[in-house]
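# Coordinates in review
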Amino acid sequence: MLIHSLSITLERGFEDIIEAVIENGDLNILGFNIEFPINDDKIAIVNIYNENNNILKSNLSIIEKNINDIAKYTYDIKELESEEYLTSYMEFLKPFDIGSVTIVPNLKNDNEKSDDSILYIAKQYAFGTGTHETTSLALEMISEYSDNNDMASKSIADIGCGSGILSLFAYKLGARNIASIDIDNDAVNCTLDNASYNDIKIDNVMLGSAKDLINMNFKFDLVIANIETDILIEILTDLKALLKQDSALILSGILLEKESFMKNAIRENKLNIILRKSKNDWVSLMLKQ
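Here's what I pulled together on the structure shown here. Keep in mind it's a predicted model, so treat the numbers as computed, not measured.

Attention now moves to the packing of helix H8 (residues 229–241) against helix H9 (residues 259–268). Viewed as axis vectors pointing N to C, H8 and H9 meet at an angle of 10 degrees, and their least axial separation amounts to 10 Å. Relative to H9, the element H8 is oriented roughly parallel. In this structure, H8 contributes Thr-229, Leu-232, Ile-233 and Leu-236 to the contact, and H9 contributes Phe-261, Met-262, Ala-265 and Ile-266. Each residue belonging to the contact of H8 with H9 can be placed in one class, and the counts come to seven nonpolar, one polar and no charged.

This is the structure in structure tokens:
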């Protein structure tokens with residue numbers, strides 16, 4: 001199967017504008033990823049995929065309306081085989097450390113075996129290699145939580161699991177009772193693929209939402225949600241309902257300019273902020289009841 005890719009190269013930091021357009025649902029896309037080239041720390045490359053070349057050109061017109069007066073950019077449209085679509089981003093990404101775990105957003109070499117201290121995120125047809133601020137902030141929050149808690153004894157829910165990186169990272173830190181859930185079937189399959197690639201078995205990887213976990217009467221010691229700000233506000237009551245007494249909730253994906261709205265929702269739900277982290281225009285919060 002042929003996949004058409006639209007690659008937009010622009011100054012690093014401005015990729016967030018395109019990502020916001022994507023997350024607002026303004027584009028018709030099959031998927032997207034963002035590359036941060038190792039040999040040039042000043043640029044980012046946003047890759048958007050679709051099976052129809054004309055739709056990509058329409059997407060480009062919408063993007064240009066949002067960035068024309070703000071950022072300089074170049075773009076390229078080309079055809080990829082489906083396997084190229086799944087792996088084309090990998091050569092641009094480099095490993096990074098979060099606590100005791102090294103995240104490798106790439107394939108492992110044939111002679112490499114699985115290692116407790118290394119997490120490979122080999123496929124990204126769902127959000128999350130760890131390079132974006134929202135994901136790295138969530139990883140840092142999970143790492144700090146593990147410093148103060150016995151992960152092996154904790155039940156964990158990853159709401160909107162995407163590539164599965166947060167669930168798999170928790171597993172690397174000792175967690176075994178993990179539920180990963182996403183409303184996107186591609187994300188569910190991606191989580192399963194990445195788990196298998198790391199020789200990890202997650203207890204529950206399922207299609208659905210926080211409400212579905214509530215309906216199954218699940219409760220967790222730690223709930224993690226790395227989702228767009230407006231959705232976090234919308235589902236915060238559901239996320240709270242998944243918490244055991246004296247448990248923690250990690251929220252990431254919060255735009256700095258929307259943090260005040262998020263904090264209003266937190267107060268309305270009678271939750272308390274116990275930790276805040278930020279990177280560039282993004283914020284992550286850890287809450288308790």
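Still more to cover.
Let's shift gears to the pairing of strand S6 (residues 101–104). Pairing of strand S5 (residues 96–98) with S6 involves three bridges; the strand directions are antiparallel. Each residue of the ladder has a partner; that of Ile-98, found in S6, is Val-101. Taking the residues that link successive antiparallel strands as the turn, the S5-S6 hairpin has two residues, and the phi of Gly-99 there is positive, at about 60 degrees. Here three bridges tie S6 to strand S7 (residues 118–120), and the two strands are oriented parallel to one another. Looking at S7, one finds that Val-104 is bridged to Tyr-120.

Strand order across the open sheet formed by three strands is S5-S6-S7, with mixed pairing between neighbours. The strands lining the two open edges of the sheet, one partner per strand, are S5 and S7. Strand-to-strand twist across the sheet, computed as the mean angle between neighbouring axes with direction ignored, equals 30 degrees. On top of the sheet, helix H5 (residues 165–172) reaches S5, S6 and S7; it is set at about 160 degrees to S7, its chief contact.

Scanning all chains against the criterion turns up two aromatic pairs. The ring of Tyr-171 carries Arg-176 above its face, with NZ or CZ at 3.6 Å from the centroid.

Turning to helix H1 (residues 15–23), its buried residues are Glu-15, Asp-16, Ile-18, Glu-19, Val-21 and Ile-22. With its phi angle positive at about 80 degrees, Gly-25 sits one or two positions after the end of H1.

Attention now goes to unusual backbone geometry. Phi at Asp-199 takes a positive value of approximately 55 degrees, unusual for a residue other than glycine. Within the secondary structure layout, Asp-199 lies in the loop between helix H6 (185–197) and strand S10 (204–207). Assessed through its relative accessible area of 58%, Asp-199 is described here as exposed. The phi dihedral of Asn-280 is positive, around 50 degrees, even though this residue is not glycine.

Moving on, we get to the pairing of S10. When strand S9 (residues 177–182) meets S10, the two strands line up parallel, connected through four bridges. Residue Ile-181 lies in a different strand from S10, and its bridge partner there is Met-206. Handedness of the S9-H6-S10 crossover: right-handed.

So, on to helix H2 (residues 53–67). The first and last C-alpha atoms of H2 sit 21 Å apart over 15 residues, in line with the 21 Å expected at 1.5 Å per residue. Taken as a whole, H2 has its buried residues at Leu-56, Asn-59, Leu-60, Ile-63, Glu-64 and Ile-67. For H2, the buried positions fall inside an angular range of 145 degrees around the axis, keeping them on one side. Those residues of H2 that are exposed and aimed more than 90 degrees away from the buried face are Asn-54 and Lys-65.

The next thing to look at is the sheet that holds S9. Strand order in the open sheet formed by seven strands is S10-S9-S8-S11-S12-S14-S13, and the pairing between neighbours is mixed. Each having just a single partner strand, S10 and strand S13 (272–279) make up the two edges of the open sheet. Pairs of neighbouring strands in the sheet enclose a mean axial angle of 15 degrees, with direction left out of account. Contacting S9 and S10, H6 runs over the sheet at an angle of about 160 degrees to S10.

The next point concerns the packing of H1 against H2. Direction vectors running N to C along H1 and H2 enclose 130 degrees, while the axes themselves pass 10 Å from each other. Judged by the angle between their axes, H1 and H2 are oblique. Two packed elements cross with a definite hand, and for H1 against H2 that hand is right-handed. Each of Ile-17, Ile-18 and Val-21 in H1 lies in contact with H2, whose residues at this interface are Ile-62, Ile-63, Asn-66 and Ile-67.

So, about the nonpolar core. If you look at the biggest cluster of nonpolar residues, it comprises 30 residues, and the most contacted ones within it are Ile-103, Leu-119, Leu-139, Ile-142, Met-151, Ile-156 and Phe-169. Mapped by element, the contributors of at least two residues to this core are S5, S6, helix H4 (133–147), H5, strand S11 (220–226) and strand S12 (243–255). Leu-243, Ile-266, Leu-271 and Leu-287 belong to the second largest nonpolar core, which has 27 residues in total.

Calculation criteria
- Residues numbered from 1 in each chain as written.
- Predicted model: local features only at pLDDT ≥ 70, side-chain atom pairs only at ≥ 80, totals over all residues.
- Heavy atoms only, no water.
- Axes fitted to C-alpha atoms, helices over the stretch in contact; angles between N-to-C directions.
- Helix = DSSP H or I, 4+ residues; strand = E, 2+ residues; numbered from the N terminus.
- Parallel < 35°, antiparallel > 145°, perpendicular 65-115°, else oblique.
- Contact = heavy atoms within 4.5 Å.
- Nonpolar A, V, L, I, M, F, W, Y, C, P; charged D, E, K, R; others polar.
- Pairing = 2+ DSSP bridges.
- Phe/Tyr/Trp six-rings, centres within 6.5 Å; stacked < 30°, edge-to-face > 60°.
- Lys NZ or Arg CZ within 6 Å of the ring centre and 35° of its normal.
- Buried < 20%, exposed > 50% of the residue type's maximum accessible area, 1.4 Å probe, protein only.
- Right-handed = clockwise from strand over helix to strand, strands pointing away.
- Expected span 1.5 Å × (residues − 1).
- Arc of directions from axis to C-beta.
- Left-handed = near helix turned anticlockwise from the far one by under 90°.
- Core = buried A, V, L, I, M, F, W, Y, C linked by side-chain atoms within 4.5 Å.

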